[in-house]
Amino acid sequence: MSKVVIIGAGTFGLSTAKCIHTTRPSTQLSVVSSPSKLAPTDDYSKVVRIDYTSPERMEEAIATSMAWDMEFPHYQRHIGRVVRYERPYADTFDEINATRKKLGLLPRENCTSKYEENFGNRAVTQNSEPVLYTYNSDDKMIIWGSLIDEARETAKNACTTSGGQFYEDAVVSLIHNHERITEIRLESGISIDAATSEVILAPGPWFMQILEASSIALPPSDRAPVATGLFSFDLEVNDTKALELRDIPMLSDIGHADFLPPVNEQHNVCKVTWTETFTNFGSGSLSIIEDLSDSPLAKYHLIKTIKWIRKVAPVLKGAKVIAIRSYWDGVTRTQDPLITRHPGINNLTCAAGGSFNRAKGFPDQGVVILATVEGEPTARYGWNVEKTGNQHDQPTLVAKGDFITMNEQANLHIQEVMGGYAHKSIHELLRDNPDDVCII
Ligand SMILES: Cc1cc2nc3c(=O)[nH]c(=O)nc-3n(C[C@H](O)[C@H](O)[C@H](O)COP(=O)(O)OP(=O)(O)OC[C@H]3O[C@@H](n4cnc5c(N)ncnc54)[C@H](O)[C@@H]3O)c2cc1C
């Protein structure tokens with residue numbers, strides 16, 4: 001493998017660049033990437049979580065967690081995670097424990113006190129049945145923004161020292177002769193000769209779009225990374241509150257939201273992700289990636305998020321919403337990534353489909369991608385995969401609907417939930433900071 005071009009400097013592309021640089025130093029490496037604020041890699045904090053219902057994914061997460069300890073101890077914060085399961089999701093808790101037992105791990109325990117002591121609430125009950133709370137001491141937070149900045153610098157140096165190039169540019173299409181990619185066309189007009197290169201296509205949720213623009217066969221529908229969106233909110237707190245929040249655990253309320261505290265002492269911002277996901281098919285066959293953060297749906301989800309925080313995490317009282325982000329990930333039906341050689345184009349390897357759980361793979365994802373390029377693929381990540389009983393490990397992160405329908409419904413309700421603020425844009429709301437809309 002003398003020449004490689006990686007398209008996309010996100011989690012998958014950067015992890016692969018790191019692996020090629022360290023294990024194949026004689027390979028000429030080039031990377032093409034146009035970072036986007038809609039890409040999940042361009043975020044500032046992430047969770048490495050170790051709870052899955054499938055034994056393979058649980059074992060994979062344990063190995064990955066050890067790789068973080070070995071390679072990036074300074075980017076991790078061992079604050080653990082409280083997980084809240086309302087009744088419809090309590091089965092997931094039991095399934096995770098069944099898998100833990102199978103793997104010889106101690107079961108997760110119901111641990112209401114950890115929630116109560118950190119989130120300023122008595123444990124909420126529903127229909128007089130207790131909601132389940134666990135504390136996963138082994139889940140960790142990653143100081144992600146700094147890690148990615150460093151990884152992009154390393155990738156740039158790797159390109160230069162290997163004789164390749166780092167292009168801050170967007171790929172418009174891949175030109176091919178039905179057997180090989182011969183040329184990569186960039187937005188700036190540059191054309192990269194790829195006839196003798198291996199091409200690794202890792203553009204996250206834009207994967208399908210690039211294949212379609214290049215008239216290259218798309219994966220079968222159950223392996224296609226479908227662009228799936230959600231909204232995430234930045235909450236600013238004062239110095240005293242930031243100090244109080246910095247060491248509390250993360251909180252996941254399954255089916256609703258995730259809370260991550262500030263990443264370090266320079267940071268007064270915490271993140272709440274509202275996990276009501278959507279596709280955006282418009283009139284075509286591909287889910288379209290757009291910045292939807294000024295839509296009625298974004299406002300509606302903002303209101304739901306604030307209500308959720310007030311009910312479930314009153315410790316955030318006083319926090320102010322300062323940004324709304326529209327993020328997208330490619331989600332496959334099995335929620336396993338698509339990492340495989342393209343069956344029709346010989347020098348093309350596909351690496352996409354993070355499915356809301358692959359930031360954690362950063363230390364070792366590239367090893368799997370490189371092995372695939374070199375002829376040792378992982379069967380579960382293939383182009384065609386036999387269906388197993390366990391298709392979804394995070395069923396709540398499969399799209400809840402299509403943006404257009406959800407947005408229309410939100411539009412109907414927005415007046416009722418936002419009153420006089422309903423007609424304001426998100427930009428105006430964030431500028432004016434009305435107490436009942438932007439302050440917890
Ligand atoms: C809100 C949110 C929170 C998440 N939190 C977690 C978490 O806590 N833990 C976890 O394990 N996982 C998490 N995930 C999932 C994880 O972040 C993603 O699965 C992973 O980052 C995907 O990486 P990627 O490289 O496939 O894609 P991306 O992050 O999308 O990176 C692809 C890169 O390619 C670039 N690109 C796209 N098109 C082109 C083009 N035409 N030309 C050149 N470059 C292009 C993009 O701009 C981007 O920089 C989360 C996902 C989301 C959306």
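Residues numbered from 1 in each chain as written. Predicted model: local features only at pLDDT ≥ 70, side-chain atom pairs only at ≥ 80, totals over all residues.

Threshold: UniProt positions are given in the numbering used here, feature names are shortened, and annotations may be inferred rather than shown by experiment.
Looking at an unreviewed UniProt entry, one finds the protein named FAD dependent oxidoreductase domain-containing protein and attributed to Stachybotrys elegans. UniProt, in the comment section headed Cofactor (unreviewed entry), describes the protein in these words: "FAD".

**Here's the deal with the site of the ligand**
Our working definition: The rule is simple: place the C-beta atom from the backbone, and if it lies within 6 Å of a molecule or strand, the residue is near it. Under the DSSP-based scheme used, a helix requires at least four consecutive residues in state H or I and a strand at least two consecutive residues in state E, with every element numbered from the N terminus. When residues are sorted by character, Ala, Val, Leu, Ile, Met, Phe, Trp, Tyr, Cys and Pro go into the nonpolar class, Asp, Glu, Lys and Arg into the charged class, and all the rest, Gly among them, into the polar class.
Around the ligand sit 38 residues in total, of which G8, G10, T41, G204 and G354 are the nearest. Residue assignment for the shell around the ligand shows that the elements contributing at least two residues are α1 (11–23), β3 (45–48), β15 (226–236) and β19 (320–331). Looking at the shell around the ligand, the element that brings in the most residues is α1, giving 3 residues. Taken together, the residues of the shell around the ligand break down into 20 nonpolar, 13 polar and 5 charged.

**Comments concerning helix α5 (residues 144–162)**
As a reminder of what qualifies: Expected span, for any helix, means 1.5 Å times one less than how many residues it has. Partly exposed residues are those whose C-beta has more than 12 but fewer than 20 other C-beta atoms within 10 Å; with 20 or more the residue is buried, with 12 or fewer it is exposed, and the C-beta atoms are placed from the backbone. What the arc covers is the set of directions going from the helix axis to the C-beta atoms. Once C-beta atoms are placed from the backbone, any two residues with those atoms within 7 Å are in contact.
Between its first and last C-alpha, α5 extends 26 Å over 19 residues, near the 27 Å set by a 1.5 Å rise per residue. What α5 keeps buried is the set W144, L147, I148, A151, R152, A155, A158 and C159. Each buried residue of α5 lies within a common arc of 135° when the element is viewed along its axis, so the set occupies one face. Those residues of α5 that are exposed and angled more than 90 degrees off the buried face are D149, E153, N157, T160 and T161. Contacts from the buried residues of α5 go to α1, β2 (28–32), β3, β9 (140–143) and β10 (166–167).

**Regarding the pairing of strand β21 (residues 348–352)**
The side chains of a regular strand alternate, first on one face of the sheet and then on the other. Stated formally: Only strands that DSSP links by at least two bridges are regarded as paired with each other.
For β21, the buried fraction is high: 5 of the 5 residues fall into the buried class. Every second residue of β21 is oriented toward a common face, with L348, C350 and A352 on one face and T349 and A351 on the other, all of them buried. Sheet analysis places strand β14 (residues 198–201) next to β21, joined by 3 bridges and oriented parallel. Along β21, the bridge assignment pairs V199 with L348. Pairing analysis gives 4 bridges linking strand β20 (residues 338–341) to β21, with the strands arranged antiparallel. Considered in β21, the bridge of T340 is made with C350. A loop of 6 residues connects β20 with β21, the two strands running antiparallel in sequence.

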